[in-house]
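# What the coordinates show
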Amino acid sequence: MGNKQTIFTDEQLDAYQDCTFFTRKEILRLHGRYHELAPHLVPMDYTNEPDVKLPLALIVNMPELKENPFRNRIVESFSEDGEGNLSFNDFVDMFSVLSEMAPRELKAIYAFKIYDFNTDNFICKEDLEKTLNKLTREELTSEEVNLVCEKAIEEADLDGDSKLSFADFENMISRAPDFLSTFHLRI
Amino acid sequence: MDTVDSVFYSDHMGPSSNPLLDQLPSYQSLLYRRKPSATAGTKRRASSRTRVGSSSSWKWKVDRVDERPKVACPQRPVRELPKTMEEKRRDKEQRMEQARDLSSWEQWRQNARRSLRRLKEESLDLLSTLELWRGDIHVIEGMFGTGILSYFSFLRFLVLLNFVIFLLMFSFVMLPIIVAPHAGGNSTFNARDGGECSIYPSTSRRGLVVFHQYIADLLSGTGFLEGTYLFYGFYKVQAINYPRFTYNLPLAYVLVTIAYLFLSLIWIVKRSASGFKRKLVQDEDRFQSFCNKIFAGWDFCITNENAARLKRSSLLYELKTDLEEERTKQKIADRTRKDKCRIYVLRVVLNVFVIAVLATCFYSIYRATIFSQESQMRPTGNVILDLIYEYLPSIVITLANFITPLMFTMIIQYEDYSPAFEIRFTLMRCVFMRLASIGVLLFSLWSQITFCPGNNCSCGYNHKRYPCWESHVGQEMYKLMIFDFIIIGAVTVFVEFPRKLIVTYCDCGLAKCTIKYFIVFYIKKMTLMNNCRPATRPFRASSSNFFFLAVLLIGLALACVPVIVSIAEISCSQACGPFVNYTTSWEVVPQAVSQLPSGLSTFLFALASEPFAVTFFVITCLVMFYFIALAAAHKRVVDHLREQLVMEGKDKRFLIQKLLQAQRTSVRSPGGHSRSDRGSQSHSAAQNCSSTGGVYLVQPPVSATHV
C-alpha cells in the first residue's frame, strides 16, 4: 500500500505518523483535502518538501471550519507567521491537535492561544467579551455580556489579577467536563 | 501591572537573560519562546511541560542549563509536544540520534515499543471499522455535534445490549433444543399429568382461515406465532439426555435470565461510570457553569448551518438561563416569610394535582387493559375492531405519555423553581410516568390472571382463560413493542418528512404561499411543542449521556421487579413451558442444587440462608459507606488544593513585586554595593523560586500573531 503512492516518501510518512496522531491513510487523505483547496498551488508531489502556504481565506472556507465562530483564530494560532497562512505541515498539525486522540494538556495549550485574541498571554476581560460575542453573534446585551465575563473571571481566576493566565485556564479546563468532547474537529 | 508582566518576557539575545526564570518548573510551562531563526516575524509557541524535569528534548536548553542525564527519563511522545511540525521532526531526529548512542538492547526495545504502538493503532483502526453504524454516526457527529451524537451512540449501545441478551438466551436455551437430535441426545418432554390445569388448547388455526387473520395473528402474537420460539409456551422440553450428562433446560432458563440481568447491570454501570465520576468530584451547583459554556460550549464538530444556528441559540438560551438563575437565587434569598408560605402551599397543591393526573392515567390504563382482556375472550368478528381492542392498552399508554409531559411543563412554571431544577424535575416526572405506566400494565395483567370466579384458583391462576399465562404476558409486551415502533415510524414519516417537503419544495403563487405559510406555521408549532423543545434546551453532552444511562439503570431496576416476582412467587402455568413440574420457576434451582455432591450442595444452601444474607448485606453497607466517605474526603482535598493554588499565586506576585522594588532601588544606586545586593537578591530569590535578578525591563516582543 505504501509503495503505490508517490506523494510522500516513506520517510516523510513515518515522520508524520510519529509527529501527529494520524495514520498513513489519514495523512494521505489530509493531503488530498489540502490539495483540493487550491489545486493549482498545491503540488501533488511533496517528496522534495515544497514551500507552499495557503492563505487564511481559503482555509476558513473549508466545510469543517465554516460554521465555527473561532475559525480565524484557530488558523492564526497554527500558522507560523501568525497571519493564518498554513503550510501543509501546519495544516496537519492543526487537525492533529484537534483530533480526538490528542491529550487534554495539548489541547488546553492551543485553546488558550485561540481564545487569547490580543496575544498577550493572558485572557483578559476584552478577550472574554470578544469570545462571547463571537459565540452568540452579539445577541446578548452589553450588560449581560459584562455580567457573564465578570462571573467567568470570578470562577476561574486563581491569582487575583482579574485576568486568566495559562495556569488559571488550565486549572479551569481540567474541570470542564465537555472540553475534550467539544474541542475536536472531525476530518 | 505592565511592569510586573514585563518581567515574564525576556530577550533571549544575551547570555544574562533570566536563566533562573527559565528553570522554574512552572515557567517552563508558560514560557513563550521566540523562534531562533532569521525569519522576519517572530513566532510564539508554548513550551512543553516536561514530566520529570527532563529537558533533554530542548536543544538550546541543553547547552544552557545544567546538563541533565539524557537517558531513561520518561519523555513525552513527540506528537504530544505543542510545537510546529519541523520542531517535532527535529526532536524526533534528535531522539533517534540519542537512541543510537544507547546500547543495542535499548535500541531494540525502543523499536519494539514503536512498532507495537503502530500495530496497536492499526488494529484499533481496523476494529473500529467493524463497529456498528460507524459511518452514519460519523456523519451525524460531523453535522450536528456531540450532543445529538450521544443520543445515537446510546441507541447503538441499546442495540448491542439487546443483541447480546438475545445471544445468551439463544445459545443456552434454544440451541440445545435445536442441536439435540443431531448430537445424539434425546429430549424428554413434560409429563402431562392429565389434570385440568394442564389442558392447553391448540392455538394454531385449522380449516379455512381468512388471509387477514394471519396478519392479525402477526400483529398480536397469537395463532401461528404463539407456537414459535418467540413465546414461552414453545419450550416444552424438560431435559436433554446426552450419553454422558443431562442438560437441565429449566435450570438453564432460570440461570440465563438471572445472568443477563446481571450482565446488563454491570455493562450499564461501567458505561456510566466515567460520567458519574466527574459528577461526584465536581460540585453539583453550577460551580463553573459560565467558564464551561464559554470555553467548552461550542461544539467544533458542527458543520451544518442549521445545527450551528441551533447550537448558537441554545448556548444563548443557556447563558440567559444561567443569568436568570443568578437572579432567581437572589430573589429566593430575598423572599419574605409570607412569600415562602404562599409558594409552599402552591407547590403542595400542584404536586397533589400532578399525583391526581398520574393516578387518573394509571387507572385508565388499568381499565383499558381489563377491557382489552375481556374483549379478547369474546371476539366481535370485525378484524380491525378486534385489533384496536387488543392494542387498547398500548394506545392508552402512548396517549398518556404524549399528554402528560405537556401538562407537566405547563404546571412547573407556576411552581417557581430555579430553571435548572425545573428541567430536571419535569424530566423526572416524565420518566416516572413512562416507567410506571408499564408497571401498571403488568400489574393489571397479573390481577386478571390471578382472578378466578368464585375466588379460589385451583391451579394458582385462572387456567380456563389463560392456560399458558406466560405466553399471554409475552404477547402483550410484543404488542406494546410493535405499537411503539409503528408510532416512531409514523411520526417520522407523517410529520417530519412532509414538513420538510412543504418547507423546501413547495413553490407556489402568492395566495398559495400565504396558505402554505399558514399551514407551515401550525405544523412548525406542533413539532416545536413535541420535538424541538428538547433541542433548544439541551443538556451538556457529557451530562446528558449520564442521564440516559441513569434512566436506563432505573428502568432496569424496575424491570427486575416483575421478573423476580414472577420467578419466585407466581405459580407457573402447568399446561405449557419448561416448569410444568414445579410450582414456581425458582424451585428448579434448589432441586438441581440438592442433586449436587453433598459438600457443594450444603455450601450453596448455606449461601442462601438468612445468616449469610444478613452478613452480606452488612458488609455491602460498610463498603458503600467507606466509598462515600472516600469521595467526600477527595472533594475536601480538591477544595483545599484549590485554596493552596490561590495562595501560591498570590505569594508569587507579592515576591515579584518586592523584587522589582528592590531592583528599582538598586538600579537607582549603581555600584558594587548594588551588584552584591542584586547578587544576594537573586540568590534569595532563586531560593524562593520566584523571579530573577538581573532582569531587563524590555517591552514585550512584537508578536506577529497580534491581530
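Owing to the predicted nature of the structure, the values given are computational and were not obtained by experimental measurement.

A few words now on the overall build of chain B. On a plain count of helices and strands, chain B comes out with 23 helices and five strands. Out of the 707 residues belonging to chain B, those deemed buried represent 37%. In chain B, the share of contacts with a sequence separation of at least 24, taken over all contacts with a separation of at least 6, comes to 69%. By element, 67% of the accessible surface of chain B is carried by carbon and sulfur atoms, the whole surface being about 42,000 Å².

Interfaces are often sized by the amount of accessible area the parts lose when they come together. With 84 residues of chain A at the contact, the number on the chain B side is 80 residues. In total, chain A and chain B occlude about 7,600 Å² of area from one another, counting both sides; carbon and sulfur atoms represent 55% of this. Considering only the surface of chain A that becomes buried against chain B, Asp 18, Glu 155 and Arg 175 of chain A emerge as the three largest contributors, covering 10% of it. On the surface where chain A and chain B come into contact, there are eight salt bridges. The closest approach of N and O atoms between Asp 18 of chain A and Arg 117 of chain B, which form a salt bridge, is 3.3 Å. Counting across the interface, chain A meets chain B through 15 residue pairs in polar contact (both at pLDDT 80 or more). A breakdown of the residues in the side of chain A that touches chain B according to their chemical character gives 40 nonpolar, 17 polar and 27 charged.

All names here are of chain B. In terms of burial, strand E4 (residues 237–241) is largely enclosed, as four of its five residues are buried. Pairing analysis gives four bridges linking strand E3 (residues 186–189) to E4, with the strands arranged antiparallel. Among the inter-strand pairings, Thr 188 is bridged to a residue of E4, identified as Ala 239. The pairing of E4 with strand E5 (residues 246–248) spans three bridges and is classified as antiparallel. Within E5, the position partnered with Ile 240 by the bridge is Tyr 247. Two successive antiparallel strands, E4 and E5, enclose a turn made up of four residues.

What follows covers the sheet that holds E5 of chain B. Residues and elements named next belong to chain B. The strand order across the open sheet formed by three strands is E3-E4-E5, and the pairing between neighbours is antiparallel. The outermost strands of the open sheet, each flanked by one partner alone, are E3 and E5. Averaged over neighbouring strand pairs, the angle between their axes works out to 25° when direction is ignored.

On to the nonpolar core, then. Burial of nonpolar side chains together is a common tendency in soluble globular proteins. Of all hydrophobic cores here, the largest spans 78 residues; its most connected members are Ile 59, Phe 91 and Met 94 of chain A together with Phe 295 of chain B. In terms of residue count, the dominant contributor to this core is helix H7 (residues 104–115) of chain A (eight residues). With sequence-adjacent residues up to four places away left out, Phe 91 of chain A is seen in contact with Leu 30, Tyr 34, Leu 37, Ile 59, Met 62 and Leu 86 of chain A. If you look at the next biggest cluster of nonpolar residues, it comprises 20 residues, including Cys 361, Ala 368, Leu 392 and Leu 441 of chain B.

Attention now goes to the pattern of salt bridges. In total, this model carries 23 salt bridges over all chains according to the counting rule given. Put simply, Lys 479 of chain B and Glu 476 of chain B hold a salt bridge, and the shortest N to O gap is 3.2 Å. On the criterion of helical spacing, the pair formed by Lys 479 of chain B and Glu 476 of chain B is a turn pair, its members being three residues apart in helix H17 (residues 469–505). Each member of the pair, Lys 479 of chain B as well as Glu 476 of chain B, is classed as buried. Through salt bridges with shared partners, a single ionic network connects Asp 14 and Asp 18 of chain A together with Arg 79, Lys 92, Arg 114, Arg 117, Arg 118 and Glu 121 of chain B.

A rise of 1.5 Å per residue sets the reference length of helix H9 (residues 142–156) of chain A, with its 15 residues, at 21 Å; its end C-alpha atoms lie 21 Å apart and thus fit the reference within 8%. Three or more residues of H9 of chain A are buried, namely Glu 144, Val 145, Val 148, Cys 149, Ala 152, Ile 153, Glu 155 and Ala 156 of chain A. In an axial view of H9 of chain A, the angular spread of the buried residues amounts to 165°, which keeps them on one side of the axis. Facing away from the buried side of H9 of chain A by more than 90 degrees, the exposed set consists of Glu 143 and Glu 154 of chain A. Against helix H8 (125–136) and helix H10 (166–174) of chain A together with helix H11 (289–296), helix H12 (305–333) and helix H22 (610–668) of chain B lie the buried residues of H9 of chain A.

Glancing now at the UniProt feature "transmembrane region" (unreviewed entry) in chain B. Residue and element names in this part refer to chain B. When the UniProt feature table is mapped onto this chain, "transmembrane region" (unreviewed entry) is found at residues 157–179, 251–269, 344–366, 391–414, 426–446, 546–568 and 612–633. Each end of residues 344–366 is marked by a C-alpha atom, and these two atoms are 33 Å apart; helix forms 100% of the span and strand 0%. For residues 612–633, the helix share is 100%, the strand share is 0%, and the end-to-end C-alpha distance is 31 Å.

This brings us to the packing of helix H13 (residues 337–377) of chain B against helix H16 (residues 419–449) of chain B. Residues and elements named next belong to chain B. Contact geometry of H13 with H16 gives a least axis separation of 9 Å together with a crossing angle of 30°. One way to sum up the angle between H13 and H16 is to call them roughly parallel. As for how H13 packs across H16, the hand of that crossing is right-handed. Residues Asn 351, Val 354, Leu 358, Cys 361, Phe 362, Ile 365, Tyr 366, Thr 369, Ile 370 and Gln 373 of H13 touch H16, and the partners they reach there are Phe 425, Arg 429, Phe 432, Met 433, Ala 436, Ser 437, Val 440, Leu 441, Ser 444, Leu 445, Ser 447 and Gln 448. Looking at the contact of H13 with H16 residue by residue, the class counts come to 14 nonpolar, seven polar and one charged.

All right, on to the UniProt feature "domain: EF-hand" (unreviewed entry) in chain A then. Residues and elements named next belong to chain A. Here, the residues flagged by UniProt with the feature "domain: EF-hand" (unreviewed entry) are residues 103–138 and 144–179. Each end of residues 103–138 is marked by a C-alpha atom, and these two atoms are 32 Å apart; helix forms 67% of the span and strand 0%. As annotated, residues 144–179 comprises 64% helix and 0% strand, and the C-alpha atoms at either end are separated by 24 Å.

Turning next to unusual backbone geometry. Residue and element names in this part refer to chain A. In this model, Asn 121 sits at a positive phi of 65°, which is unusual for a non-glycine residue. Locating Asn 121 in the fold gives a position in the loop between H7 and H8. In this structure Asn 121 comes out as buried when scored by relative accessible area, which is 12%. Positive phi, normally seen in glycine, also occurs at Arg 137, with a value near 50°. The topology assignment puts Arg 137 in the loop between H8 and H9.

Turning our attention to the environment of Cys 124 of chain A. Residue and element names in this part refer to chain A. Residue position: Cys 124 is located in the loop between H7 and H8. As a C-alpha pair, Cys 124 and Lys 163 span 39 residues in sequence and 4.5 Å in three-dimensional space. What Cys 124 contacts, discounting residues up to four positions off in sequence, is Asn 118 and Lys 163.

This next bit is on a nonpolar patch on the surface. Residue and element names in this part refer to chain B. There is a patch of nonpolar side chains on the surface, built from Leu 596, Leu 600, Phe 603, Leu 604, Leu 607, Phe 612 and Phe 616 and spanning about 630 Å² of accessible area. Among the elements of the structure, helix H21 (598–607) and H22 are those that each provide at least two residues to the nonpolar patch. The element contributing the most residues to the nonpolar patch is H21, with four residues. Along the chain, Phe 612 turns up in helix H22.

The subject of this paragraph is the side chain of Thr 20 of chain A. Tracing the backbone through its elements, the reader meets Thr 20 of chain A in the loop between helix H1 (10–19) and helix H2 (24–37). A distance of 2.7 Å separates a polar atom in the side chain of Thr 20 of chain A from the backbone oxygen of Tyr 16 of chain A. With residues near it in sequence (within four places) discarded, Thr 20 of chain A still touches Ile 27, Val 92 and Ser 96 of chain A together with Arg 79 and Met 85 of chain B.

On the surface, Glu 11 of chain A together with Glu 93, Glu 97 and Asp 101 of chain B cluster together into a negatively charged patch. The greatest single-element share of the negative patch, amounting to three residues, is contributed by helix H5 (residues 85–101) of chain B. The residue Glu 93 of chain B is located in helix H5 in this model. Residue classification places Glu 93 of chain B among the partly exposed positions, given a relative accessible area of 47%.

About the criteria used
Residues numbered from 1 in each chain as written. Chains lettered and ligands numbered in written order. Predicted model: local features only at pLDDT ≥ 70, side-chain atom pairs only at ≥ 80, totals over all residues. Heavy atoms only, no water. Helix = DSSP H or I, 4+ residues; strand = E, 2+ residues; numbered from the N terminus. Buried < 20%, exposed > 50% of the residue type's maximum accessible area, 1.4 Å probe, protein only. Contact = heavy atoms within 4.5 Å. Areas by Shrake-Rupley, 256 points an atom, 1.4 Å probe, with all protein chains shown as cover. Buried area = accessible area lost by both parts, 1.4 Å probe. Salt bridge = Lys/Arg side-chain N within 4 Å of Asp/Glu carboxyl O. Polar contact = N/O pair within 3.5 Å; in protein donor to acceptor, adjacent residues only side chain to side chain. Nonpolar A, V, L, I, M, F, W, Y, C, P; charged D, E, K, R; others polar. Pairing = 2+ DSSP bridges. Axes fitted to C-alpha atoms, helices over the stretch in contact; angles between N-to-C directions. Core = buried A, V, L, I, M, F, W, Y, C linked by side-chain atoms within 4.5 Å. Expected span 1.5 Å × (residues − 1). Arc of directions from axis to C-beta. UniProt positions renumbered as here; feature names shortened; annotations may be inferred. Parallel < 35°, antiparallel > 145°, perpendicular 65-115°, else oblique. Left-handed = near helix turned anticlockwise from the far one by under 90°. Patch = residues over 30% accessible without salt bridge, like charges linked within 9 Å, V, L, I, M, F, W, Y side chains within 5 Å. Lys, Arg positive; Asp, Glu negative; His and termini not counted. Charge placed at Lys NZ, Arg CZ, Asp CG, Glu CD.

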